[in-house]
Amino acid sequence: MTDIVGRYDDRNKLNDLTGKEWLKSTKSFFLSKKCIDDKPAFNHPAPFLIKDIERMISLFTKERMTVLDPFMGSGTTTLASYNLNRKSIGIDLSKEYKQLALKRFKQKGIIGSKDFKYIVGDSLKEIPKLNAVDYIITSPPYHNILKNNSNGLRKDSSVKGYRSGSRIGVKYYSDKQNDLGNQKSYNDFLLLFQKIMEQAFNKLRSNKYCSIVISNFTVDKKEICVQADVIKLLCDIGFEFVGTIILLQDNKPLYPFGYPYSFKINHMHQNIINFKKTEK
Ligand SMILES: C[S@@+](CC[C@H](N)C(=O)[O-])C[C@H]1O[C@@H](n2cnc3c(N)ncnc32)[C@H](O)[C@@H]1O
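Below you will find a few notes about this structure.

Cut-offs used in this document
Residue numbers restart at each chain and count upward from 1, following the sequence in its written direction. Reporting of local features is limited, given that this is a predicted model, to residues whose pLDDT is at least 70; pairs of side-chain atoms are given and counted only at 80 or more, and all residues count toward the totals for whole chains, interfaces and linings. No hydrogens and no water enter the side-chain calculation; it runs on all heavy atoms of the structure. Only the contacting stretch of a helix is used when fitting its axis, a line to C-alpha atoms as for every element, and angles between N-to-C directions run 0 to 180 degrees. Each helix is a run of H or I in the DSSP string that is no shorter than four residues. Each strand is a run of E no shorter than two, and both are numbered from the N terminus. Roughly parallel means an angle under 35 degrees; roughly antiparallel, over 145; roughly perpendicular, 65 to 115; everything else is oblique. Working rule for handedness: look at the near helix, and if it is turned counterclockwise from the far one by less than a right angle, call the crossing left-handed; if clockwise, right-handed. The contact criterion used throughout is that any non-hydrogen atoms of two residues lie within 4.5 Å. Each residue is assigned to one of three groups, with Ala, Val, Leu, Ile, Met, Phe, Trp, Tyr, Cys and Pro labelled nonpolar, Asp, Glu, Lys and Arg labelled charged, and all others, Gly among them, labelled polar. Burial here depends on accessible area, computed with a 1.4 Å probe over protein chains only, as a share of the maximum for the residue type. Under 20% is buried, over 50% is exposed, and the range in between is partly exposed. Should DSSP find at least two bridges between two strands, the strands are taken to pair. The nearness test applies per residue and asks whether one of its heavy atoms lies within 4 Å of the molecule or strand. Here a polar contact means two N or O atoms within 3.5 Å. Within protein one must be a hydrogen donor candidate and the other an acceptor candidate, and residues neighboring in sequence count only if both atoms are side-chain atoms. Here a patch means residues that are over 30% exposed by relative accessible area and free of salt bridges, tied together within 9 Å if like-charged and within 5 Å if nonpolar (Val, Leu, Ile, Met, Phe, Trp, Tyr). In these tables, accessible area is a Shrake-Rupley quantity obtained with a 1.4 Å probe, and a residue counts as shielded only by the protein chains included in the view. We define a salt bridge as a side-chain nitrogen of Lys or Arg found within 4 Å of a carboxyl oxygen belonging to Asp or Glu.

Topic: the packing of helix α2 (residues 50–60) against helix α3 (residues 76–83)
Orientation of α2 relative to α3, taken along the N-to-C sense of each, is 60°, at an axis distance of 9 Å. On the basis of the axis angle, α2 is oblique to α3. Between α2 and α3 the crossing geometry is right-handed. Residue-level inspection shows I50, I53, E54 and I57 of α2 in contact with α3, the latter providing T76, T77, L79, A80, S81 and N83. Counted by class, the contact of α2 with α3 contains five nonpolar, four polar and one charged residues.

In structure tokens form, the structure reads like this:
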């Protein structure tokens, strides 16, 4: 987006984009973009790509604002925030993922900065201790899909690229009871996710935004419209749904799941589901 020019409007309280940049960011899709700094994250089963998250952060914040990620994993949200001169707070249950994140931060020379905090703990308990934040971007565990029959391991050596390797050799997140990925039923998963997002809602400043990155997936081999459920549960909390941006991941391998008997979809995108905490 650096090659775009245009004029900045002083009435803009949302971000630092020019009019032209803002307009481009309102597109309902974009193509996922990798960079070299994504690679060290692939000891985590499901990391974001830094450039994808930078794009969202530059749309929904100004410099020096604070971004919260309640499921921080390998630390991507902090790297993206730091690259854009934003502050960040991340929470994750796993101290191993914090170590992985710190390794990534060290490689970028950002250890010791006061601009980010990585808390190891349960978001349900840790979010209430935080100060107010300006934007939330996060991706929860996708229920228990990393524990499916394929163990989350779908090795395909014929396909090259960072994305295809991200789940190879790593299993699920943890055995902890409060891990969202360990909830017995899909409904339990939704209920716990809602409780955590309720806490996040309380910390988000008025008229600020929240983005949930999640794809549809199968539960007991049946395709679920996860997006619809996420929108309902966040709107029940008080968020206003403001639209979904499709993050196209055209570099994922294709699997012949139902072939040659029935149609089974290959998910090649994530939904970035956006919400506003509208002032009442
Ligand atoms: C989809 S991953 C997030 C990956 C992250 N976006 C990245 O770039 O690495 C979900 C994360 O949620 C964490 N998690 C699960 N339940 C949690 C909870 N109750 N509180 C905090 N973190 C939790 C898992 O350990 C896992 O790292």
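Picking up where we left off.
With respect to the environment of I89
Within the secondary structure, I89 sits in strand β3 (residues 87–92). Overall, the relative accessible area of 10% leaves I89 in the buried class. It is 7.4 Å that separates the C-alpha atoms of I89 and T78, two residues lying 11 residues apart in sequence.

Some words on unusual backbone geometry
Backbone torsion omega between Y259 and P260 reads 0°, so that peptide bond is classified as cis. Phi angles above zero are rare outside glycine, and N85 is one such case at about 60°. Inspection of the secondary structure puts N85 in the loop between α3 and β3. Phi angles above zero are rare outside glycine, and H143 is one such case at about 50°.

Some details on the sheet that holds strand β6 (residues 204–214)
On the basis of which strands lie adjacent, the open sheet formed by eight strands has the order β1-β9-β10-β6-β5-β2-β3-β4 and mixed pairing. Pairing within the sheet leaves two strands with one partner each, and these edge strands are β1 (29–31) and β4 (116–120). Adjacent strand axes in the sheet meet at a mean angle of 20°, parallel and antiparallel pairs treated alike. Note that strand β2 (residues 66–69) and strand β5 (residues 133–138) share two bridges and pair parallel. Bridge pairing in β5 places V67 opposite Y135. Most of the contacts of α2 go to β5, to which it runs at about 150°, and overall it touches β1, β2, β5, β6, β9 (240–248) and β10 (269–276).

As for the site of the ligand
Among the 24 residues in the neighbourhood of the ligand, the closest are listed as F48, S74, T76, D92 and N178. In the environment of the ligand, an oxygen atom lies 2.9 Å from a nitrogen or oxygen atom belonging to the side chain of H44. In this structure, S123 approaches the ligand through a main-chain N or O atom, which is 3.0 Å from a nitrogen atom. Residues of the shell around the ligand, tallied by class, amount to 13 nonpolar, eight polar and three charged.

Some remarks on a nonpolar patch on the surface
On the surface, F29, L31 and L248 cluster together to form a nonpolar patch covering roughly 270 Å² of accessible area. Assignment of secondary structure puts L31 in strand β1. Given the relative accessible area of 53%, L31 is considered exposed.

Observations concerning the packing of helix α7 (residues 186–203) against helix α8 (residues 226–237)
In the contact formed by α7 and α8, the axes pass within 9 Å of each other and the chain directions differ by 40°. It follows from the interaxial angle that α7 and α8 lie oblique. The handedness of the crossing between α7 and α8 comes out as right-handed. Listed contacts from α8 to Y186, L190, F193, Q194, M197, E198 and F201 of α7 are V226, D229, V230, L233, L234, D236 and I237. Among the residues making up the contact of α7 with α8, the classes are represented as 10 nonpolar, one polar and three charged.

So, the pattern of salt bridges
Evaluation of the coordinates by the stated rule reveals nine salt bridges. Of the charged contacts, one joins D16 and R86 as a salt bridge, the two residues approaching to 3.9 Å between their closest N and O atoms. With D16 in the segment before α1 (19–25) and R86 in the loop between α3 and β3, this pair connects stretches of sequence that are 70 residues apart. Of the residues examined, D16 reaches a relative accessible area of 34% and is grouped as partly exposed. With its nearest N and O atoms 3.0 Å apart, the salt bridge here joins D37 to K108. Of the two residues, D37 sits in the loop between β1 and α2 while K108 sits in the loop between α4 (95–107) and β4, which places them 71 residues apart along the sequence. On the basis of relative accessible area, K108 is assigned to the partly exposed category, the value being 40%. Connected via shared salt-bridge partners are D16, K62 and R86.

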